[in-house]
Amino acid sequence: MNLSEKTIENVEYMIEQIKEKLKVLNLGAIKPSHFDEEMYEELKEIYDMVMKKPSFSPNEMQALVEELGNLRKNK
């Protein structure tokens, strides 16, 4: 997968991978449809960081989820 391209498919892929890595319990809280290409660079930075770390403290997980919440597109 070429994540250098700003596509909806890449956004969906990154969100799903982040959710899986963080073992998000409330799967409805983070949905790919909540994000678009406008915040692609920020989402990619979070994705890269999450994929590099082997594990996360509860505080780190909370901070990541909050940051993802800040990136959600306005409804």
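Every value quoted in this text rests on a predicted model; they were computed, and no experiment measured them.

## Description of the overall build of the protein
- If you tally the helices and strands in the protein, you get 3 helices and 0 strands.
- Secondary structure elements of the protein, listed N to C terminal, follow the sequence α-α-α.
- Summarising its shape, the C-alpha atoms of the protein cover approximately 30 × 30 × 15 Å along the three principal directions.
- Of all 75 residues assigned to the protein, the portion counted as buried reaches 29%.
- Total accessible area computed for the protein in this model is approximately 5,000 Å², and 49% of it derives from carbon and sulfur atoms.
- When the 11 basic and 15 acidic side-chain charges of the protein are each reduced to a single mean position, those positions are 5 Å apart.

## Some thoughts on the packing of helix α1 (residues 8-22) against helix α2 (residues 40-52)
- α2 packs onto α1 with a crossing angle of 35 degrees between their chain directions and a minimal axis gap of 10 Å. Classified by chirality, the crossing of α2 by α1 is left-handed. Across the interface between the two elements, N10, V11, Y13, M14, I15, Q17, I18, K21 and L22 of α1 pack against Y40, L43, K44, I46, Y47, V50 and M51 of α2.
- Looking at the contact of α1 with α2, its residues break down into 12 nonpolar, 2 polar and 2 charged.

## Section: the confidence of the model for the protein
- Within the protein, residue pLDDT values average 86, and 91% of them lie at 70 or more.
- Here helix α3 (residues 58-71) stands out as the element of the protein with the lowest mean pLDDT, 87, in contrast to α2, whose mean of 94 is the highest.

## Quick word on a negative patch on the surface
- Taken together, the side chains of E38, E42, E45, E66 and E67 make up a negatively charged region of the molecular surface.
- Mapped by element, the contributors of at least two residues to the negative patch are α2 and α3.
- One can find E66 in helix α3.
- We classify E66 as partly exposed; its relative accessible area is 46%.

## Description of the nonpolar core
- Counting 18 residues, the largest nonpolar core has I18, L43 and L68 as the members making the most contacts within it.
- At the level of elements, α1, α2 and α3 are the ones that each hand at least two residues to this core.

## Here we look at α2
- Under the 1.5 Å per step criterion, the end-to-end length of α2 is 18 Å for 13 residues, consistent within 8% with the ideal 18 Å.
- When α2 is considered as a whole, its buried residues turn out to be Y40, L43, I46, Y47 and V50. Taken around the axis of α2, the buried residues stretch over an arc of 125 degrees, which confines them to a single face. Exposed side of α2, more than 90 degrees from the buried face: E45 and K52 are the residues found there.
- Considering only its buried residues, α2 is in contact with α1 and α3.

Calculation notes
- Residues numbered from 1 in each chain as written.
- Predicted model: local features only at pLDDT ≥ 70, side-chain atom pairs only at ≥ 80, totals over all residues.
- Heavy atoms only, no water.
- Helix = DSSP H or I, 4+ residues; strand = E, 2+ residues; numbered from the N terminus.
- Buried < 20%, exposed > 50% of the residue type's maximum accessible area, 1.4 Å probe, protein only.
- Areas by Shrake-Rupley, 256 points an atom, 1.4 Å probe, with all protein chains shown as cover.
- Lys, Arg positive; Asp, Glu negative; His and termini not counted.
- Charge placed at Lys NZ, Arg CZ, Asp CG, Glu CD.
- Axes fitted to C-alpha atoms, helices over the stretch in contact; angles between N-to-C directions.
- Left-handed = near helix turned anticlockwise from the far one by under 90°.
- Contact = heavy atoms within 4.5 Å.
- Nonpolar A, V, L, I, M, F, W, Y, C, P; charged D, E, K, R; others polar.
- pLDDT = per-residue confidence, 0-100.
- Patch = residues over 30% accessible without salt bridge, like charges linked within 9 Å, V, L, I, M, F, W, Y side chains within 5 Å.
- Salt bridge = Lys/Arg side-chain N within 4 Å of Asp/Glu carboxyl O.
- Core = buried A, V, L, I, M, F, W, Y, C linked by side-chain atoms within 4.5 Å.
- Expected span 1.5 Å × (residues − 1).
- Arc of directions from axis to C-beta.

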